[in-house]
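Each chain, letter by letter, is given below.
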Amino acid sequence: MIAVAGGKGGSGKTTTTLGLARALSRRGAPVVGADADWDLPNLARLAAETAADSAPAGTGPQATGEAARTVLDAARGTDRVRPDRSEPTVLAAPDSPRSVDAHATFDALDGATPDEAPVLLDCPAGASPDVAAPLRAADRALIATPLKRAALRDAAKTAAIARRLGCPPVGVVVIGETSVPDRVAALLDCPVLGAIPDGGAAPLSDPDVRSAYDDLARRLGETKAATGWKVA
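This structure is a prediction, so every number in the text was calculated from the model and none was measured. (Residues numbered from 1 in each chain as written. Predicted model: local features only at pLDDT ≥ 70, side-chain atom pairs only at ≥ 80, totals over all residues. Heavy atoms only, no water.)

Another aspect to go through is the overall build of the chain. In terms of regular secondary structure, the chain is built from nine helices and seven strands. The C-alpha atoms of the chain give 16 Å as radius of gyration, which agrees with the globular expectation for 232 residues (17 Å, within 12%). Counting only C-alpha atoms, the chain reaches 45 × 35 × 30 Å along its principal axes. Across the 232 residues of the chain, 51% fall into the buried class. Long-range pairs, those at least 24 residues apart, make up 73% of the contacts in the chain between residues at least 6 apart in sequence. Taken as a whole, the chain presents about 10500 Å² of accessible surface, with 48% of it coming from carbon and sulfur. Measuring between centres, the 26 positive side-chain charges of the chain sit 5 Å from its 29 negative side-chain charges. (Helix = DSSP H or I, 4+ residues; strand = E, 2+ residues; numbered from the N terminus. Rg over C-alpha atoms; globule rule 2.2 N^0.38 Å. Buried < 20%, exposed > 50% of the residue type's maximum accessible area, 1.4 Å probe, protein only. Contact = heavy atoms within 4.5 Å. Areas by Shrake-Rupley, 256 points an atom, 1.4 Å probe, with all protein chains shown as cover. Lys, Arg positive; Asp, Glu negative; His and termini not counted. Charge placed at Lys NZ, Arg CZ, Asp CG, Glu CD.)

Spatially, the seven strands line up as an open sheet ordered β3-β2-β4-β1-β5-β6-β7, and their pairing is parallel. Each edge of the sheet is formed by a strand with only one pairing partner; in this case those strands are β3 (89–91) and β7 (192–196). Between one strand and the next, the sheet's axes are offset by a mean angle of 20°, whatever the strand orientation. In the sheet, strand β6 (residues 169–175) pairs with β7 via four bridges, with the strands oriented parallel. Across the sheet, V172 pairs through a bridge with V192, a residue of β7. Packing against the sheet, helix α1 (residues 13–26) makes contact with β1 (2–6), β3, β4 (119–122), β5 (140–146) and β6, and its axis sits at approximately 165° to β4. (Pairing = 2+ DSSP bridges. Axes fitted to C-alpha atoms, helices over the stretch in contact; angles between N-to-C directions.)

Our focus in this paragraph is the pairing of β4. Burial along β4 is two-sided: the residues V119 and L121 and L120 and D122 are all buried. Strand direction decides the pairing type here: β1 and β4, joined by three bridges, are parallel. Bridge pairing in β4 links V4 to D122. Here strand β2 (residues 32–35) pairs with β4 via four bridges, running parallel.

Glancing now at helix α7 (residues 149–164). Between its first and last C-alpha, α7 extends 23 Å over 16 residues, near the 22 Å set by a 1.5 Å rise per residue. Residues A151, L152, D154, A155, T158, A159, I161 and A162 constitute the buried set of α7. Contacts from the buried residues of α7 go to β1, α6 (132–137), β5, β6 and α8 (182–188). Of the residues one or two after α7, G166 is the one with positive phi, at around 80°. (Expected span 1.5 Å × (residues − 1).)

It is worth spelling out the pattern of salt bridges at this point. One pass over the structure, following the stated rule, counts ten salt bridges. Two residues, R45 and E49, come together in a salt bridge whose shortest N-O distance is 2.8 Å. Placement of the pair is R45 and E49 together in helix α2 (residues 43–49), with a separation of four residues, close to one helical turn. Overall, R45 belongs to the partly exposed group, its relative accessible area being 43%. Residue classification places E49 among the partly exposed positions, given a relative accessible area of 48%. (Salt bridge = Lys/Arg side-chain N within 4 Å of Asp/Glu carboxyl O.)

Using the criterion set out here, one finds one aromatic pair in the structure. Look at W38 and F106: their rings are 5.2 Å apart centre to centre, the planes differ by 35°, and that puts the pair in the tilted class. With a gap of 68 residues between them, W38 in the loop between β2 and α2 and F106 in helix α5 (residues 102–112) connect regions that are remote in the sequence. Taking relative accessible area as the criterion, W38 reaches 10% and is therefore assigned buried. A relative accessible area of 1% places F106 in the buried class. (Phe/Tyr/Trp six-rings, centres within 6.5 Å; stacked < 30°, edge-to-face > 60°.)

Purely spatial values, then, with no claim about function.
Pasting the structure below:
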């Protein structure tokens, strides 16, 4: 599992989780995107609101009218999660998160998903205590950050926490930029895997943003973190 983490809120983690998940789906991967930010969950909402940007007419969460399956549903299910190769399977936060053991849930989710499926966890922001559960469960972290001094400082703290929890960063993706100075990789001690341009109010519908996430998916697929994934 890959934990998509960052500094404070607004770093682009949720958009990156969904944008990357859809890019991996376009490469034929059976992707799972799970909301690990249970206090401020919005991955499933974003997926529903932008379904028309990625899914054929008549498909996707908006068209079906079904409630989103939650991370807890998947972790407790008797059947393994079987993601579709044409569109990511998005798992929402539990309805009553404070009554759920997050550590046990994410560990169980790892066993409930196919080994060949990329699983992306949309983490809580910053260094909050809640970020520990998804970071402990994931194999590697992908750090998302804007190219601003305060944001980079917070991202470096998050990267350090991830390392302490046994989830070393596989790379960093910079949000709102088309080029990244070398000092970013040096600061976070991991390679820059992508630069996502500013897509305005609806970034996932922007062709340049979509292309940038495709490039991120390609680069991530070339890392050791993608070993065993079924990606074209």
